[in-house]
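Residues per chain, in single letters:
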2 protein chains.
Amino acid sequence: MTTVLKLGGSVITEKDVPEKVDDEALRMAAATLADHEDLAVVHGGGSFGHHHADRHGVTTTEGTHDAAAIRDIHGAMTRLNAVVVEALVEAGVAALPVHPLSVARRDAEATLTFPTGGVHAMLSEGFVPVLHGDGVVHADRGTTVLSGDELVVHLAEGLDADRVGVCSAVEGVYDGSGAVIDRIDSFEAVADTLDGSDATDVSGGMAGKVRALLGLDAPTQVFDLDGLEAFLEGGEPGTHIG
Amino acid sequence: MTTVLKLGGSVITEKDVPEKVDDEALRMAAATLADHEDLAVVHGGGSFGHHHADRHGVTTTEGTHDAAAIRDIHGAMTRLNAVVVEALVEAGVAALPVHPLSVARRDAEATLTFPTGGVHAMLSEGFVPVLHGDGVVHADRGTTVLSGDELVVHLAEGLDADRVGVCSAVEGVYDGSGAVIDRIDSFEAVADTLDGSDATDVSGGMAGKVRALLGLDAPTQVFDLDGLEAFLEGGEPGTHIG
């Protein structure tokens, strides 16, 4: 019963302050995870990765061959990852860091390859692999951004996950009136509502998340930190997608 | 024309002082690498990794499931790796870090799997991947040590490397009288001389290196920092193995 859990960058960092962790939120998340097994965690960049990527003009499609720029982006994300792993270990979770830049690649058609054998081996040994949005080597473009959301989808497929949880800054996917949508089973049904809802998020916002998550076999929930325990206990907090 | 280059931990760190980089040696190595292409670098642990591994009783065969112990070992190695990558980038090398814990695994028979697609993609894009001795998930044993030497051999095979260089603290492999052996083509010929020569090195010492390097298809040289430029220029400094 493998679960892939995304911890949103906006949940565990203070998104408006560069490289500032939300210690209280991270500690709460770590404590909630402590009693659960067979879990792979992916966290976003929040205030760590995005501003470096912006500054260097690097996106999921625009790359760079400048190793110093990649080091800025990757370095910030590994610093955040170290803080997350540390918080989890302190909460009693057998967390191990996994850096996508070391593992993944995109070919010239932008197709992502992420060998999940190492992550699977960690799960089999009772560890909790902790991945993050990162840079990724991209044929003919140097290195582009691999977002946490793209990673969640790819990892869920690669691990044949049974459940996917996206712990975000909002309690679910909102409809036009600001109410949480209970279930989404097609993009068309919610496209108008979501269009432009997160225009400032370089990694695609809620519309992009929903579209990608709808492609998964595994049932997915989008919820906030208050819904995390319910999700890990098998419940369906927030919005069900799929 | 792919080259795999090992930078020995005893070359780039002060081996007797915990977590102390030999800045001058590292700067020299980085400057020498600056003019060369199609190069994958592996560095050892020197004074960074070994004492943490010793303290926690973790070896290439004895593992641990203690995430805090793994974090100590892996954390020290990633700190050294960051310093090495930084020095290379400052010297103009397009260096990218690759953390083996994120990529590799051993099965229950201790056979190592290290998918080299990501490293190969980095080389194709003109980057210099920089790997290091690390922890590795090991079926039924948690995490064991993956030595820089083992990694060199595995990477050379995986990348189908044309040349392998081992830049060590000594100018080559010594015979019983302290002279550098020019060529070694079988372990038997040198076994008596090498036996016990590096009894204090947990990752196997020179005898282990020679035995492993003899198994490679690619021609290999063992040399010291003074021989690095000659090796990268296509020369055969130190001892030829194979």
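What counts and how
- Residues numbered from 1 in each chain as written.
- Chains lettered and ligands numbered in written order.
- Predicted model: local features only at pLDDT ≥ 70, side-chain atom pairs only at ≥ 80, totals over all residues.
- Heavy atoms only, no water.
- Helix = DSSP H or I, 4+ residues; strand = E, 2+ residues; numbered from the N terminus.
- Buried < 20%, exposed > 50% of the residue type's maximum accessible area, 1.4 Å probe, protein only.
- Contact = heavy atoms within 4.5 Å.
- Pairing = 2+ DSSP bridges.
- Salt bridge = Lys/Arg side-chain N within 4 Å of Asp/Glu carboxyl O.

Caption draft 1: Region of the structure containing the side chain of B:T32. Residue and element names in this part refer to chain B. The topology assignment puts T32 in helix α2 (residues 23-33). The class of T32 is buried, set by a relative accessible area of 17%. Excluding residues within four positions of it along the chain, T32 makes contact with L228, E229 and L232.

Caption draft 2: Spatial organisation of the pairing of strand β2 (residues 39-43) of chain A. Residue and element names in this part refer to chain A. Of all 5 residues that make up β2, 5 are buried, and the element is covered over most of its length. The alternating pattern of β2 places L39, V41 and H43 and A40 and V42 on opposite faces, both of which are buried. The sheet contact formed by strand β1 (residues 3-7) and β2 spans 5 bridges and is parallel. Residue pairing across strands places T3 opposite L39, the latter belonging to β2. Here 3 bridges tie β2 to strand β6 (residues 128-132), and the two strands are oriented parallel to one another. Across the sheet, V41 pairs through a bridge with V130, a residue of β6.

Caption draft 3: Looking closely at the pattern of salt bridges. Per the stated rule, a full pass over the model turns up 16 salt bridges over all chains. Note that A:E236 is salt-bridged to A:R183, the shortest N-O span being 3.4 Å. Placement of the pair is A:E236 in the loop between α9 (228-232) and β12 (239-241) and A:R183 in strand β10 (residues 183-184), with a sequence separation of 53 residues. As a salt-bridge pair, B:D72 and B:R55 come within 3.3 Å of each other at their nearest N and O atoms. On the criterion of sequence distance, the pair formed by B:D72 in helix α4 (residues 67-90) and B:R55 in helix α3 (residues 46-56) is long-range, its members being 17 residues apart. Through salt bridges with shared partners, a single ionic network connects A:K6, A:D149 and A:K209.

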